[in-house]
Amino acid sequence: MVWDILVVLFVLLMILQLKRVLQLAPLLSDSLFRVRGSSTLENSVHYNGDRNRLAYTLMIPAVLVTARYELYRPSFLEALPFNLYLLAVAGIFVAYVLLRQLLFRWLKPRRRYDSYVLAHQTGHTYFIVLMVLVLMTVGVLTVFHARDWLFRGLIYAEIPLVYSFYIFRKMQILSLFCNPLRTFSYLCALEFLPAALLIVSAVL
């Protein structure tokens, strides 16, 4: 029941955003390869808002894929029936996003705030790229009736790959107004800490 509701909600939201997504695609592509492309996207209130809405919409299939292939299945969730497990995964996604947002606001610098926001918002772009890759992978493997372990293996490979490109781009942007030590400190607090908490919760 919960699965069906989320699928229908995602389809409806994508239909409503389809025209804007097609307009947004060239800017997303440009921002992947150039820091200036990221700046152009962020400086457009219209396209920036469309990009953020698309990223939040793609959280729905992220939750569905995570639950379906048990990408995140810590021991404290193992006894839950699927519907509750799906809701728990959704709650953890929301908690992760809120934690990153809290750290982002808490650590904001007094100077060069625009560049700081640019570095943070770039994460939405790379999340969209990740979800496009993941959904393409799921689609292709579903056609060939692949086993679940192959789904998990490929998705587990795609996540650190895209995340590495994102960290590199964020480091480039932060280095525009930070020295190397401060850049590393920002990355530790804003990226590595939330990711580490998520991984530790799954492993331990």
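About the thresholds
Residues numbered from 1 in each chain as written. Predicted model: local features only at pLDDT ≥ 70, side-chain atom pairs only at ≥ 80, totals over all residues. Heavy atoms only, no water. Phe/Tyr/Trp six-rings, centres within 6.5 Å; stacked < 30°, edge-to-face > 60°. Helix = DSSP H or I, 4+ residues; strand = E, 2+ residues; numbered from the N terminus. Buried < 20%, exposed > 50% of the residue type's maximum accessible area, 1.4 Å probe, protein only. Lys NZ or Arg CZ within 6 Å of the ring centre and 35° of its normal. Expected span 1.5 Å × (residues − 1). Axes fitted to C-alpha atoms, helices over the stretch in contact; angles between N-to-C directions. Parallel < 35°, antiparallel > 145°, perpendicular 65-115°, else oblique. Contact = heavy atoms within 4.5 Å. Nonpolar A, V, L, I, M, F, W, Y, C, P; charged D, E, K, R; others polar. Salt bridge = Lys/Arg side-chain N within 4 Å of Asp/Glu carboxyl O.

Trainee: How should the packing of aromatic side chains be read in this particular structure?
Mentor: A ring pair, where both rings are aromatic, is described by two values, the distance of the centres and the angle of the planes. Scanning all chains against the criterion turns up eight aromatic pairs. Between Phe104 and Tyr116, the ring centres sit 5.0 Å apart and the planes meet at 5°, which makes this aromatic pair stacked. Taken together, the residues Phe104 in helix 5 (residues 82-106) and Tyr116 in helix 6 (residues 113-143) connect sequence positions twelve residues apart. The same class applies to Phe104 as to Tyr116, namely buried. Arg73 extends its terminal NZ or CZ atom over the ring of Tyr85, reaching a point 3.9 Å from the ring centre. For Lys108, the ring lying beneath its charged end belongs to Tyr113, and the centroid distance is 5.9 Å.

Trainee: Would you take a moment to explain helix 1 (residues 2-33) for this structure?
Mentor: An α-helix turns once every 3.6 residues. As a result, residues three or four positions apart point the same way. For helix 1, built from 32 residues, the straight-helix expectation of 46 Å at 1.5 Å per residue is missed by more than 12%, its first-to-last C-alpha distance being only 38 Å. Taken as a whole, helix 1 has its buried residues at Val2, Leu6, Phe10, Met14, Gln17, Val21, Leu24, Leu27, Leu28 and Ser31.

Trainee: Looking at this structure, I do not really get the packing of helix 1 against helix 5. What am I missing?
Mentor: Relative placement of two packed helices is described by the angle separating their axes and the distance separating the axes. The interhelical angle for the contact between helix 1 and helix 5, taken along N-to-C directions, is 45°, at an axis separation of 9 Å. Classed by the angle they form, the pair helix 1 and helix 5 counts as oblique. Only Phe82, Asn83, Leu86 and Leu87 of helix 5 make contact with helix 1, whose side of the interface consists of Val2, Trp3 and Leu6. Split by residue class, the contact of helix 1 with helix 5 holds six nonpolar, one polar and no charged.

Trainee: Help me out: how do you make sense of the pattern of salt bridges in this one?
Mentor: A side chain with one charge can pair with a side chain of the opposite charge if their charged atoms come near. Considering all chains together, one arrives at six salt bridges under this definition. As a salt-bridge pair, Arg20 and Asp50 come within 3.6 Å of each other at their nearest N and O atoms. Of the two residues, Arg20 sits in helix 1 while Asp50 sits in helix 3 (residues 45-57), which places them 30 residues apart along the sequence. Classification of Asp50 by relative accessible area gives buried; the value is 3%. Close ionic contact of Arg100 with Glu191 constitutes a salt bridge, the shortest N to O distance being 2.5 Å. Remark: Glu191 occurs in helix 8 (residues 180-203) and Arg100 occurs in helix 5; sequence separation between them is 91 residues. The exposure classification of Arg100 matches that of Glu191, with both residues buried. Because the salt bridges share partners, they merge into one network encompassing Arg20, Asp50 and Arg53.

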